[in-house]
Amino acid sequence: MTGVVAVDLGATKIHAAVVRDGAIVRRLRRATPADGGRAVLDAVAAAITELTGGAAVAGIGVACAGIVDARSGTVLRSGATIRDWAGAEVGATLAARFRCPVVVDNDCNAFAAGLLRDGPGRSSVVAVMAGTGIGAGLVLDGALYRGPRYGAGELAHLPWPGVDGARCGCGRPDHLEATASGSGIEQSYAAAAGTERVRLHAIVERRANGDPVAAAVVESGARALGTVLAGVAGTLDLDEVVLGGGVVAAVPGFADLAVQHFETEVAARGQRVAIGRATRGDDTVLTGIAALVTDRKDTHP
Ligand SMILES: [Zn+2]
């Protein structure tokens, strides 16, 4: 089979695709098993087999949450998005099973690699994914930058004063993720409204129906994200910030609000930095991890 298999492994879904010359030619989605660890790896393998009909594959790329050793394909650290995921030897397991090269990387890095493939002239970019958690892939001097311990781009823990009771995935309060992620918005809503925690889509619905608390927590999340990213843009002398992820996709106007706060901040210091949403959404993660399989030249060692 020509082309490579790309897998975007999330907390709730496994999105697998055959990517040929940068284009997705076939895809399928399956649920991520809640049991975590081994069951998730088995489900990824099953999705690949189903997608390819058992034909030999030229290469496999897996993008997932967590800090991933991109050389060995082992997950070093992981939040609560997938149970028992830290330590998962994703690369070695799939390479033994499918007998082909396997690349495993953080999903935000794959997102950044996809943007680089779409626009190779990009020099310094932060590719942000605001979903259940918050992370980013960094492109510096035209190449993906992972950091010496593969942890670069961990925006989640940048300080931001949150509401009482809302926690970052690391367990600490007053981190960006506790206000601007899907989990942070859900926790902030529960704390501010004095209710049980409800899912993000319910908060979106309540906001559309005029719930002022729902509107306020969405606004707070967007303000936190836009303001913190403006600081990052100054720190790294960025050309561009690209927004993606589940919150950006699911909450109408969230990206626009974040952009407004970002632009207010950078304009105040006379800086010009482009900011916008990823045009191809989640597909950028798939084409990005596929690009990392077929071409490792655009990565720092
Ligand atoms: Zn944190």
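Residues numbered from 1 in each chain as written. Predicted model: local features only at pLDDT ≥ 70, side-chain atom pairs only at ≥ 80, totals over all residues. Heavy atoms only, no water.

**Section: helix α2 (residues 90-98)**
Our working rule: Exposure is judged per residue with a 1.4 Å probe applied to protein chains only, and the accessible area is read against the type maximum: over 50% gives exposed, under 20% gives buried, and values in between give partly exposed. Numbering goes from the N terminus for both helices and strands, where a helix is a DSSP run of H or I of at least four residues and a strand is a run of E of at least two. The arc in question is the one traced by the directions running from the helix axis out to the C-beta atoms. Whether two residues touch is decided by their heavy atoms; if any such pair falls within 4.5 Å, the residues are in contact.
Of all the positions in α2, only V90, G91, T93, L94 and F98 are classed as buried. Along the axis of α2, the buried residues cluster in a sector spanning 165°; they form a single face. Buried residues along α2 sit in contact with α1 (37-52), β4 (60-64), β6 (74-77) and β7 (102-106). Phi turns positive one or two residues past the end of α2, at R99, with a value near 50°.

**Things to note about the packing of helix α5 (residues 182-193) against helix α7 (residues 212-236)**
Heads up, the condition is: Where helices are involved, their axes are fitted lines through C-alpha atoms of the stretch in contact, as for all axes, and angles between N-to-C directions lie from 0 to 180°. When describing relative orientation, an angle under 35 degrees is termed roughly parallel and one over 145 degrees roughly antiparallel, while 65 to 115 degrees is termed roughly perpendicular and anything else oblique. Crossing handedness is defined as follows: a turn of the near helix away from the far one that is anticlockwise and smaller than a right angle gives a left-handed crossing, while the clockwise case is right-handed. Under the convention adopted here, Pro, Cys and the residues Ala, Val, Leu, Ile, Met, Phe, Trp and Tyr are nonpolar, Asp, Glu, Lys and Arg are charged, and Gly plus all remaining residues are polar.
Taken N-terminus to C-terminus, the directions of α5 and α7 make an angle of 140°; their axes are 9 Å apart at the nearest point. Between α5 and α7, the crossing angle belongs to the class labelled oblique. Where α5 crosses over α7, the handedness of that crossing is right-handed. Listed contacts from α7 to I185, S188, Y189, A192 and A193 of α5 are V213, A214 and V217. By residue class, the composition of the contact of α5 with α7 is seven nonpolar, one polar and no charged.

**Description of the sheet that holds strand β9 (residues 134-140)**
Put simply, the rule reads: Strands are labelled as partners when DSSP assigns at least two bridges between them.
Taken together, the five strands give an open sheet; going across it, the order is β10-β9-β8-β11-β12, and neighbouring strands pair in mixed fashion. Every interior strand has two partners, whereas the edge strands, β10 (143-145) and β12 (274-277), have only one. Geometrically, the sheet is characterised by an average inter-axis angle of 25° between neighbouring strands, direction not taken into account. Here β9 pairs with β10 via three bridges, running antiparallel. Looking at the pairing, L138 lines up with Y145 of β10.

**Some thoughts on the coordination of the zinc ion**
Note the cut-off: We call an atom a donor if it is N, O or S and sits within 2.8 Å of the metal, or 3.2 Å for Na, K and Ca. Water is not counted, so some sites may look partial. Irregular is the label for any site that misses the other tests, which are tetrahedral for four donors with all angles between 85 and 135 degrees, and square planar for four donors or octahedral for six when opposite donors exceed 155 degrees and the remaining angles lie between 65 and 115.
Distances from the zinc ion to its protein donors, H157 (ND1), C168 (SG), C170 (SG) and H175 (ND1), fall at 2.0 to 2.3 Å. Considering all four donor atoms around the zinc ion, angles at the metal cover 100 to 117° and the coordination shape is tetrahedral. As a motif over one chain, the donors of the zinc ion read H-x10-C-x1-C-x4-H. With a gap of eleven residues between them, H157 in the loop between β10 and α4 (177-180) and C168 in the loop between β10 and α4 connect regions that are remote in the sequence. Accessibility expressed as a relative area gives 33% for H157, which makes it partly exposed.

**Quick look at the sheet that holds β7**
If you walk across this open sheet you meet the five strands as β3-β2-β1-β4-β7, and the pairing is mixed. The open sheet terminates on both sides in strands that have one partner only, identified here as β3 (23-31) and β7. Here the strands of the sheet are splayed against their neighbours by 15° on average, with no regard to which way each runs. Bridge count for strand β1 (residues 4-9) against β4 is five bridges, and the pairing is parallel. Each residue of the ladder has a partner; that of A6, found in β4, is G61. Sheet contacts for helix α10 (residues 283-294): β1, β2 (13-20), β3, β4 and β7; angle to β1, the most-contacted strand, approximately 135°.

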